[in-house]
Structures are given as structure tokens and as C-alpha cells.
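Observations on the model geometry
So the chains spell out like this:
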Amino acid sequence: MKRPLVPVALCYAAGLLLAAAFQPPLLLLFAVAFALLGAAVSVPQARVWLLGAVLVVAGWTNLVTRTAVISPVDLRQLLGDSAAYVTVRGTLKDTPNLRIFVRDEQESFRTIAQLHVTSLNHSTNWQPAAGHIVVTTIGELPEHFFAGQNVEITGVLARPPPPLARGLFDYRTHLARQGIYYQLRADSTNAWVVAGSALTELPFTDRFLRWAKQTLARGLPVQDEALELRWAMTLGWKTALTNEVSEPFMRSGTMHIFAISGLHIALIAGILVSLLRVMQVSRTWCGLILIPLLWFYTAATGWQSSAIRSTIMMTVIIGGWALRRPSDLLNSLAAAAFVILLWEPQQLFQASFQLSFFVVLSIALFLPPLEKLRDRLLEIDPLLPAELLPRWQRSLRWGLRLLLTSFVTSLAAWLGSLPLTAYYFHLFSPVTLLANVLIVPLSALALMSSLGSLICGAWWPWATELFNHSGWFWMTAMIKVSHTATKLPGAFFYVSPPSLATIGCYYAVLVGVLSGWLVARARRGWAVAGLVCLCVALGWRWQDARTEVQLTVLPLNGGHSVFANLPGGKEDWVLDCGNTNAVEFVMKPFLRAQGVNRLPRLALTHGDLRHVGGAEGFSELFQVGEVITSPARFRSPAYRRIIAALGDSPRNHRTLNRGDELGPWSVLHPAADDTFTQADDAALVLLGNFHRVRVLLLSDLGRSGQEALMNRYEDLRADIVVTGLPAQSEPICNPLLELIQPHVVIVADTEFPATERAKPALRQRIDALGIPVIYTRTNGAVTLKIRPKGWKLESPAGGWLAGQDNYAGP
């Protein structure tokens, strides 16, 4: 067999996928594994197939063993899904990591650490406990808290929160893939104390990082962004990668240069091999020297998962090269994947693992045919010796060859990462092709300068400073290129994530075409027929989905927003956007996950700061085409400032009164001559009609506003009604409910502040009427999907909350 480790890795990965879907008892899995192994030994004729089955069951068993609750003192056994104020005792797995958040040009600090728990104090007594938790603390911890230190921490221990809405980052699943099921929130650094005898000597990794940071800063006048990004690129120092700094690199598709990953390890290996070969060191000795050095670098930078993964892969490749074994990148890739997944099976489900391996796979398959095309373009007369060409032609050919090689490598990597980038980061970045052609060579020069600085250290200070200035220059150039690339027309777009089926079809076609399997003469007809069927199925699915209307109700810590996603995107609305925090941490990531780059309309229902306080930044962020307000006047300074700003651009501002219509929406309240003492009573009320399904949006309409609405309309029937919580009265009184006759009521309440929680009296009153009610405090954001044949309400996880039986949607 030409590549024996490829089926081995595929069978083992199939077992991990089965384990993610089904988790039978461990004893059953072990019994099946040993039975299959015995059959493989006893039945030589079926040994290959039986060994494949053994690998599948081995992967299945490995992952179930890592995730099953086995110990009686497992935290999942002790706490379940409840939250508790506790003191935990344990050992720090890593040195706490400081994160910086920039908001309104003000920096705030938060420390994140992982703790191996050995015991906890729930009330008055300590009890044994086992498990890993993540600890988040406001502020910066003192330096004596480092990896290996035994500590006691007091705070609220609970399951990590699920995502508020579909498309937002799922922190709970992200931690679970690392074997972490609980999060401890500590109010301040005072909640931390050293338990027992304190360790005084920093771990080797911390000492190395401190020395390396000082060395890389030697001779530079200030600690600026370029220096901090050199720390991030060379040492894996994450503190520098704030959202503001990272965003241009994310948009240009060059964020990978700041992870200790395959690119770093390959560059370091290439530099060291070149130096050793110049010194005429043999292949065998190169391998013996290089592999320990790469593992030293991985250890010195904190044993990051991406670094371990890349070093394993490079160890396999260098080992084969040093032993003069025939090289096969696909077989080496499969070997590295198998070793990594044996060590940590959960990595299969992590974005970094998937991106790394699909990018390398794409390069391995796509680069050879592209290099042949490149050589054909640069081909010269075979009878003409290259030495007879003019020097300028040889220099030009060398430069073109280098440029084309860089471009085809960037193209192959881009094709390999395309659907995963859209799925995890909601980005489609054509500019990546250009940006990586420039930034990868610049990053190689910056990394070479940093390595030169670390090698020279204090031995040759003048050389160290020279390398540091050189590295600073190349990093500054990278920052400029990244910022410039994202400003080009069509550089990037935010897109909604593709389905898993779409991703699977994409990679199946990509691998089949690039490997030549699909384009082989014997399979060409079947391949074309299959592709036609696939295109028809995808086209039918797209045509079926394009008639769907989606309305998402998002709770926003005291306010709420409604995003109306209508077919075509030209009539999309957002009703209220929340305050500045809600815009930054909820609305921005949520709308980007829906593929929103520009928003046609933003409606401001009333002057409550918790509903509209972030409107100015929101309008700039999403280039809002038109802002809609009611004729009512509010005392809110923020609302008045927004209205005054809109006065400078009247084309972007529209006032809607009772009786006006805009697209599928009708304005029911307020009228131009209405006067109310409470701002909530003048909230904008809209009625939408989609495929004969009526949706009534009440905002935070107070009792006086409800009375005005009932006096003006005899028929307010609606299938779904959405209401917030007015400040001075209860929402949606019983007479109004009788007039609306809804099938479902959505109450947009929130956990914080406490005044924005639906009160028990409200719950009892609506329950007494027999109307189904959904509370966003309990369910998170609620999405209403409407199609010509019916409608349904979904939770963020896609669970069914309510709907009509004849809804026919995915």
C-alpha cells in the first residue's frame, strides 16, 4: 500500500465522530474492541477489514473514556447543572493569562487561568473533587501565581453560559472540547490565596518568556504595538491580541501568523536546516539536532496545542528526511494526525486542528499541478542553455518563479481553509490571496530577526539590537500591509456559516478533483452526473430557503432587539440595538454571523438608553442606510443626540406615524399628536405580515400606550406578539391579550439587571389565560422562522419551542 497511514487515520477519526454522536457504556466498547481484535487474529482472510473496525472502535473508546463521568468525586457528579458559591482548592495547570479589553479608549484587564481541582468547600466542610475548571478574574494577578502553584479561589462555580443566539461563539462547547465543564468567576484578585507552602521559583517556561521578552525589546525606545506583536508571533504571547489589534489580520486572513503553528515551525526548521547544511552537517545529524531544538521551542512557548501539533508533524517529516526515507506528505500528515488524536482526541473538533490539516492537505494536493502550470508558463527553449540568457531575463525569471510559487501556495491554502473560515469566523476574504503573498515573506523576515535576537542575546548586544530594529521594521510593514489590504474594494465580506453538509460536499469535491480521482477517465461520467445532482440539490435547497423570513428577538441586559431578516436582504430591519456594550458584544458578532455587512434600516422605538444608547456606533459599524423613529419626543440625552446627528443627514432619517406602512410593516402607534408622560407609552409599535402570519412588536409599551392602542383598533389579531418590560407597569394587559388573541407570546426579559426579569405575577397572569409564553431570560434569543406553509420558534441551539405542524423547513 502506497500510503498505509491514511486509512489508519481515517478509520480512527471515524470512531471519534461516532463517539461525538453516541456514547454507549465503556464496558461494551472494550468488549467489542477485544472481540474484534481476537477475530482479526483468528480470521486472516478478513484481517484488514477487522483491523479497520478495531481502529474505529479504538477511537470511539478513547473519546468516550475522556468524556465519561467515572470518578464519584467528578465535579459533574457533585454539582450537576447547578451554580454554587464555593471555595476551590487545586493546582494551576498553566500560568494565568492576562487579557486586555479596550472599550471607549479605556483598557480593562481580566485574568484567565485553568485549575486542576482537588477539593472544594461548598458550605463549611471541604470535600474531595476532581476536574478541570477555567477561572476568570477581574484585574491582574500578582506574579507569585504561576503554573504548578497550589491555590484556593473563592467565587461562583457554574457551567459556562451557552451562546445567547445562533452564530455567537459557543464558549461552553469550546471549553468542553478541552475537558473543562465549569467556570469559576472571581470578583477580584483578593479571592485568590496560595494554599500550603508556596512555590517561589518560576517555571522554566515563565523564566524563558520573561527573558525572551526583555531580549526582543532590547534597544527599542518604547513598548509599542509592533513590539507586542513580535512577542505574540515569536513567543505565543496572547495578551497583545486584543480585538482591536486582531481584527485587520482576521479580515485579511493573516491571523495565522500569530499562532505558534505549522508556518512558524516550518520557518524555524527551514532556517536551522539551511544553517546546518551550510556548515556541511549530514542529514542524520541535522535531524538529531533539529528535532530536540523544535521540541525545546515548543516547551519554551508554553506547550500550546497548535505548537505541539505542528512539532509532531514536523518531527515525522524531518525524521523521514534524516533517515533518507521516501517522502510522502499525505502519509506524513496522516501519521501526525493519528499521533495527535491518540494523545488528545478532542482536537478533531477544534477549529485550529481542522484548519491546520485541511490547509496542509490542500497544499499537498493542489501545489503539484499548479507548479507544473507555473513551470509551463516560465518554460524556455529546451535547446537553449539557461546560462546563455541575459542576466536581466534570468533575474526576471527567478523573481517571477518566486512570486508565482508564493501565489499558488497562498491559493492552495485559501481553498483548503475557505469553508472553515466561513463556518467559524463568518468571513469570506478574497484579499487573503494577495495579503498572504506579501505578509508571509514579511513574517519570515520578522521571525528570522527575532530568532537572531534570541540567539545573540546578551552575548552580542549590538547584534541583538540590530536584529530587534530589523524585526520591528518588518512587523510594522506587516501591520501596514494588513490594514491597507482590508481597505481594498471587495477585500472581505461577512457571511452566514455554511451547513456541515455543504462543507462535507466541498471537501469531497475538492479532494476528489485535486487528487485526480474524480477526473480519471473511468470515473469522469459518473463524476459529472454526481456533480450535476449535487448542484440541483443545493439549488433546490437555496430556492426553498430564500422565501423564509426570520425574526430574532435578542435580550440585551435590560433591553432587547429584534432583527428582521427578510428574503433578499434589501428590507432587513433592526429594531433597537441596545447600549454600547450590547452593540459591541452581542449585536456586532450576531449580525456578522448572519452575513450582515450593511444594514438597510434601524428603527429606534423609544428613548430608553438600554434600547438605543449604542445607536451612533451601531450606525457607523453597519453603515445603516436609514434610521426610523417615531414622532414622539423623549428626554433621553442619548436619544436627543442621535436625533440631532440625524438632522445633519435628512436623507438617512425617516419619521413614521400611526397609519404609515413600510414594506411588510404597518405602524400602529404612536400618532403624531400623542403626548404621554412616560417614555414607554410612546414606544413605536409595528405589525408585520409575512406569508399571512401576523407578528406584533410592542417594544416596552406601557399601560397608557396599551390603552391608546386598544381604543384605536378593534382588530389587533396577531399570531405572535413580542413585548419587553415597561418600567412603570406590566406589559401586555389582559384586555390587550384578548384583543390580539396570539398563538404565542414572547417576553423579552433578561437576567441582569434584576428589574428586567419577568415577575412571578406576570407569569401567573398569562399562564392563567392558557397562552404559551416564551421568556428570553430562560431560552436565550428566540428565532421565528416563517415560510409559506407555516412558522416555528427556535432556541439558540435549534430546539423547537413552538410552531405550526405544517412548517417545512430545515
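Before reading further, recall that the structure is shown in the block above.
These figures come from a predicted structure and were not determined experimentally. (Residues numbered from 1 in each chain as written. Predicted model: local features only at pLDDT ≥ 70, side-chain atom pairs only at ≥ 80, totals over all residues. Heavy atoms only, no water.)

1. Looking at the overall build of the protein
From N to C terminus, the protein includes 26 helices and 25 strands. Here the protein has a C-alpha radius of gyration of 30 Å; the compact-globule value for 810 residues is 28 Å, and the two agree. The principal-axis extent of the C-alpha atoms belonging to the protein is close to 95 × 75 × 70 Å. In the protein, buried positions account for 46% of the 810 residues. Across the protein, every contact between residues at least 6 apart in sequence was considered, and the portion connecting residues at least 24 apart equals 70%. (Helix = DSSP H or I, 4+ residues; strand = E, 2+ residues; numbered from the N terminus. Rg over C-alpha atoms; globule rule 2.2 N^0.38 Å. Buried < 20%, exposed > 50% of the residue type's maximum accessible area, 1.4 Å probe, protein only. Contact = heavy atoms within 4.5 Å.)

2. Digging into the nonpolar core
By size, the foremost hydrophobic cluster in this structure holds 43 residues, and its most contacted members are Leu16, Leu348, Phe353, Phe357, Phe366 and Leu411. Residue assignment for this core shows that the elements contributing at least two residues are helix H1 (5-21), helix H2 (26-42), helix H3 (47-67), helix H11 (305-322), helix H12 (329-343), helix H13 (351-377), helix H14 (391-425) and helix H17 (500-514). Here the element with the most residues in this core is H13; it accounts for 9 residues. With residues near it in sequence (within four places) discarded, phenylalanine 353 still touches Arg309, Ala337, Ile340, Leu341, Gln347 and Leu348. Counting 32 residues, the second-largest nonpolar core is a separate cluster that includes Leu551, Leu656, Ile786 and Leu793. (Core = buried A, V, L, I, M, F, W, Y, C linked by side-chain atoms within 4.5 Å.)

3. Quick word on the layout of surface pockets
The space that makes up the second largest pocket amounts to roughly 760 Å³. Considering the residues around the second largest pocket, the lining is formed by 39 residues, among which Gln678, Ala679, Asp680, Asp681 and Ala727 are closest to the centre. (1 Å grid on protein atoms, 1.4 Å probe; cavity = no way out; pocket = protein on both sides within 12 Å on 5 of 7 lines; lining within 4 Å. Points joined across faces, edges and corners; volume = space filled by probe spheres on them.)

4. Quick notes on the pairing of strand E5 (residues 150-158)
Along any regular strand, the residues point their side chains to alternate faces of the sheet. Taken together, the 8 bridges between strand E1 (residues 84-92) and E5 define a ladder with antiparallel strand orientation. When the bridges of E5 are listed, threonine 87 appears paired with threonine 154. Sheet topology note: the E5/strand E7 (residues 192-194) ladder contains 3 bridges and is antiparallel. Bridging across to E7, valine 151 finds its partner in valine 194. Sheet topology note: the E5/strand E6 (residues 180-186) ladder contains 3 bridges and is antiparallel. Following the sheet pairing, alanine 158 is matched in E6 by glutamine 183. (Pairing = 2+ DSSP bridges.)

5. A closer look at helix H7 (residues 225-235)
For H7, a buried count of 9 out of 11 residues is recorded, marking the element as mostly surrounded by other parts of the structure. Looking at the buried residues of H7, the elements they touch are helix H6 (204-217), helix H8 (243-251), helix H9 (262-278), helix H10 (283-300), helix H15 (432-456) and helix H16 (461-486). Positioned one or two residues after H7, glycine 236 has a phi angle of 75°, which is positive.

6. A word on the packing of H1 against H12
H12 packs onto H1 with a crossing angle of 35° between their chain directions and a minimal axis gap of 8 Å. Between H1 and H12 the crossing geometry is left-handed. Side by side, H1 and H12 meet where Leu5, Val6, Val8, Ala9, Tyr12 and Leu16 of the first sit next to Leu330, Asn331, Ala334, Ala335, Phe338, Leu341 and Leu342 of the second. Broken down by class, the residue content of the contact of H1 with H12 amounts to 12 nonpolar, 1 polar and no charged. (Axes fitted to C-alpha atoms, helices over the stretch in contact; angles between N-to-C directions. Left-handed = near helix turned anticlockwise from the far one by under 90°. Nonpolar A, V, L, I, M, F, W, Y, C, P; charged D, E, K, R; others polar.)

7. Thoughts on unusual backbone geometry
For residues besides glycine, phi is generally negative; the peptide bonds are generally trans as well. Following histidine 669, the chain continues to proline 670 via a peptide bond in cis, the omega torsion being 0°. When you line up the elements, proline 670 lands in the loop between strand E17 (665-669) and strand E18 (685-690). A cis amide bond, omega -5°, links phenylalanine 752 with the succeeding residue proline 753. With respect to the helices and strands, proline 753 occurs in the loop between strand E21 (744-747) and helix H25 (760-768). Positive phi values are uncommon outside glycine, yet histidine 426 reaches one of about 60°. Here histidine 426 lies in the loop between H14 and strand E8 (427-428). Owing to a relative accessible area of 11%, histidine 426 belongs among the buried residues under this scheme.

8. Structural notes on the packing of aromatic side chains
With the rule as written, the count across this model stands at 22 aromatic pairs. Arranged with centres 4.5 Å apart and planes meeting at 35°, the rings of phenylalanine 353 and phenylalanine 357 form a pair that is tilted. Taken as a pair, phenylalanine 353 and phenylalanine 357 lie in helix H13 at a separation of 4 residues, close to a single helical turn. Residues phenylalanine 353 and phenylalanine 357 agree in their burial class; the two are buried. (Phe/Tyr/Trp six-rings, centres within 6.5 Å; stacked < 30°, edge-to-face > 60°.)

9. A closer look at a nonpolar patch on the surface
A contiguous nonpolar surface patch, about 390 Å² in accessible area, is contributed by Phe30, Phe34, Leu37 and Leu51. Per-element tally for the nonpolar patch: the top contributor is H2, with 3 residues. Checked against the element boundaries, leucine 51 lands in helix H3. (Patch = residues over 30% accessible without salt bridge, like charges linked within 9 Å, V, L, I, M, F, W, Y side chains within 5 Å. Areas by Shrake-Rupley, 256 points an atom, 1.4 Å probe, with all protein chains shown as cover. Salt bridge = Lys/Arg side-chain N within 4 Å of Asp/Glu carboxyl O.)

10. A closer look at the sheet that holds strand E20 (residues 720-723)
With mixed pairing, 7 strands are arranged side by side in an open sheet as E16-E17-E18-E19-E20-E21-E22. Edge positions in the sheet fall to strand E16 (661-662) and strand E22 (773-775), since each of these pairs with one other strand and no more. Direction of pairing for E20 relative to E21: parallel, over a ladder of 4 bridges. Considered in E21, the bridge of valine 721 is made with valine 745.

11. Comments concerning the pairing of E20
Where burial is concerned, the two faces of E20 agree: the one with Ile720 and Val722 and the one with Val721 and Thr723 are both buried. The parallel pair strand E19 (residues 693-697) and E20, bridged by helix H23 (residues 703-712), forms a crossover whose chirality is right-handed. (Right-handed = clockwise from strand over helix to strand, strands pointing away.)

12. Some words on the sheet that holds strand E11 (residues 560-565)
Spatial strand order, E15-E14-E13-E12-E11-E10-E23-E24-E25: 9 strands in an open sheet with mixed pairing. The sheet is open, and its two edges are formed by strand E15 (653-655) and strand E25 (800-803), each paired on a single side. Averaged over all pairs of adjacent strands, the angle between strand axes in this sheet comes to 20°, irrespective of strand direction. Relative to strand E14 (residues 626-629), strand E13 (residues 601-604) runs parallel, the two sharing 4 bridges. Counterpart to arginine 601 in the pairing with E14 is glutamate 626. Packed on one face of the sheet, helix H19 (residues 580-593) meets strand E10 (549-555), E11 and strand E12 (573-575) and runs near 160° to E10.

13. Topic: the side chain of threonine 432
By the secondary structure assignment, threonine 432 is in helix H15. Since its relative accessible area comes to 8%, threonine 432 is described here as buried. Looking at threonine 432, its side chain comes within polar contact range of the main-chain oxygen of serine 252, at 3.2 Å. Apart from the residues lying within four places of it in its own chain, the contact partners of threonine 432 are Ser252, Gly253, Ser410 and Trp414. (Polar contact = N/O pair within 3.5 Å; in protein donor to acceptor, adjacent residues only side chain to side chain.)

14. Things to note about the side chain of serine 795
Mapped onto the fold, serine 795 is located in the loop between strand E24 (790-794) and E25. The residues touching serine 795, leaving out its near neighbours within four places in the chain, are Arg166, Asn779, Ala781 and Leu801.

15. Concerning the environment of tyrosine 182
Secondary-structure assignment places tyrosine 182 in strand E6. A residue is classified by how much of its surface remains accessible, and tyrosine 182, at 1% relative accessible area, is buried. With 48 residues separating them in the primary sequence, tyrosine 182 and valine 134 have C-alpha atoms 6.7 Å apart. Other than its neighbours up to four places away in sequence, tyrosine 182 contacts Leu75, Arg76, Leu79, Gly80, Ile133, Val134, Leu157, Ala158, Arg159 and Pro160. In this structure the side chain of tyrosine 182 is engaged in a polar contact, spanning 2.5 Å, whose partner is the backbone oxygen of glycine 80.

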